[in-house]
Amino acid sequence: MSTTYIGRFAPSPTGPLHAGSLVAAVASYLDARAHHGEWLIRIEDIDEGRSVPGADQAILALLDSLGMQSDREVVWQSRRKDLYAAAAERLGAHAYPCGCNRREILDSRLGVAPDGAAIYPGTCRHGLAPGRSMRSLRLRVPEPGADTISFVDRFAGLTTQHLASESGDFVLLRGDGYWAYQLAVVVDDAEQGVTDIVRGFDLIDSTARQIYLQRLLKVPTPRYLHVPVVRNANGEKLSKQTEARAVLPGDEAAGIDALVEAAHFLGLAFERPATLARFWERAIPAWAAMLEARQAAG
Ligand code: GLU
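Residues numbered from 1 in each chain as written. Predicted model: local features only at pLDDT ≥ 70, side-chain atom pairs only at ≥ 80, totals over all residues. Heavy atoms only, no water.

A. The arrangement of the nonpolar core in detail. Val26, Leu63, Met68, Val227 and Trp287 are the most contacted members of the largest nonpolar core, which totals 45 residues. It is helix 1 (residues 19-34) that provides the largest number of residues to this core, a total of ten residues. Look past the residues within four positions of tryptophan 287 in its chain and what remains in contact with it is Ala27, Leu30, Asp31, Ala34, Phe155, Leu225, Val227, Leu266 and Leu268. Counting residues in hydrophobic clusters, the runner-up holds 34 residues, among them Ala87, Ala88, Val185 and Tyr224. (Core = buried A, V, L, I, M, F, W, Y, C linked by side-chain atoms within 4.5 Å. Buried < 20%, exposed > 50% of the residue type's maximum accessible area, 1.4 Å probe, protein only. Helix = DSSP H or I, 4+ residues; strand = E, 2+ residues; numbered from the N terminus. Contact = heavy atoms within 4.5 Å.)

Here is the structure:
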């Protein structure tokens, strides 16, 4: 097992934590503890329009009540905008001002990225047309042929994405003035020295863009592990939109139930312990054993 391990859980405070985010929290925490590493909490409230007042404190209180505390001071993205601005500056000519609005990009019908976003047709790549003003800042991705990013996900294995056709030039600074998730997450993970990212599989499509940004910013690429996403009976990812039931901080018994459910979802089989402390005592070695078994199976 590696000597340096810094992991993190990075919830967006758009509402209370639901079963899906709890799985990501538990997986990242177990992986950090199994590696005798550090585990950090970062509140990803960079999209201030979507942040719900008080949700950050509710998430922190819930994690705390379940026995998951950040090993360092919690950071809030909304208080770190200078870091994102400085990184955008460092990207130099890889970034360019874009004057297009959402409608114009959709109308170009160039295609849709795996995450559902419309692929940017490149209209402003070579400069803003006369009379257009900047709405957003975009990152220029390499031409087809030079745009392949591959990484080995610890669960999904070799994963490859072609940035030109599957992402296109993506936004760094949004039309509403907020820094984009892709830039903020790369800057924060690098600044916090994160070595291992454990998060939901829905974010695997973002990983190639983040690795490309890491290369441009000359910061290390962490290891990645994307865990399965919890879905409801209709096969939809749990979110506020699908009315995911929030995990409520309550008595210890309710907390243990929620944790055991998350652990079972992650493939860890053990009997329900009577105390929270006992849960972690069992779950950490169970996670380590599961990783070893996966490795042995190739
Ligand atoms: N803030 C993101 C979310 O809540 C997670 C980002 C990440 O783990 O990279 O979905």
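Continuing now.
B. Focus on the packing of helix 8 (residues 252-265) against helix 9 (residues 276-297). Axis separation between helix 8 and helix 9 bottoms out at 9 Å; the angle between their running directions is 15 degrees. As far as their axial angle goes, helix 9 and helix 8 are roughly parallel. The interaxial crossing formed by helix 8 with helix 9 has left-handed handedness. Across the interface between the two elements, Glu252, Ile256, Leu259, Val260 and Ala263 of helix 8 pack against Leu276, Phe279 and Trp280 of helix 9. Broken down by class, the residue content of the contact of helix 8 with helix 9 amounts to seven nonpolar, no polar and one charged. (Axes fitted to C-alpha atoms, helices over the stretch in contact; angles between N-to-C directions. Parallel < 35°, antiparallel > 145°, perpendicular 65-115°, else oblique. Left-handed = near helix turned anticlockwise from the far one by under 90°. Nonpolar A, V, L, I, M, F, W, Y, C, P; charged D, E, K, R; others polar.)

C. View of the packing of aromatic side chains. For the coordinates displayed, the defined rule picks out five aromatic pairs. Between phenylalanine 155 and tryptophan 287, the aromatic rings sit 6.2 Å apart at their centres with planes inclined by 35 degrees, giving tilted as the arrangement. Here tryptophan 287 lies in helix 9 and phenylalanine 155 lies in the loop between strand 6 (148-153) and strand 7 (157-162), a separation of 132 residues in the sequence. Across this residue pair, the class does not change: phenylalanine 155 and tryptophan 287 are buried. The structure contains a cluster of three or more aromatic residues connected by ring pairs, namely Tyr29, Trp39, Phe279 and Trp280. When the ring centre of tryptophan 76 is taken as origin, the NZ or CZ atom of arginine 79, which lies over that ring, is 4.2 Å away. Looking at arginine 209, its charged tip hangs above the ring of phenylalanine 170, at a distance of 5.9 Å from the centre. (Phe/Tyr/Trp six-rings, centres within 6.5 Å; stacked < 30°, edge-to-face > 60°. Lys NZ or Arg CZ within 6 Å of the ring centre and 35° of its normal.)

Purely spatial values, then, with no claim about function.
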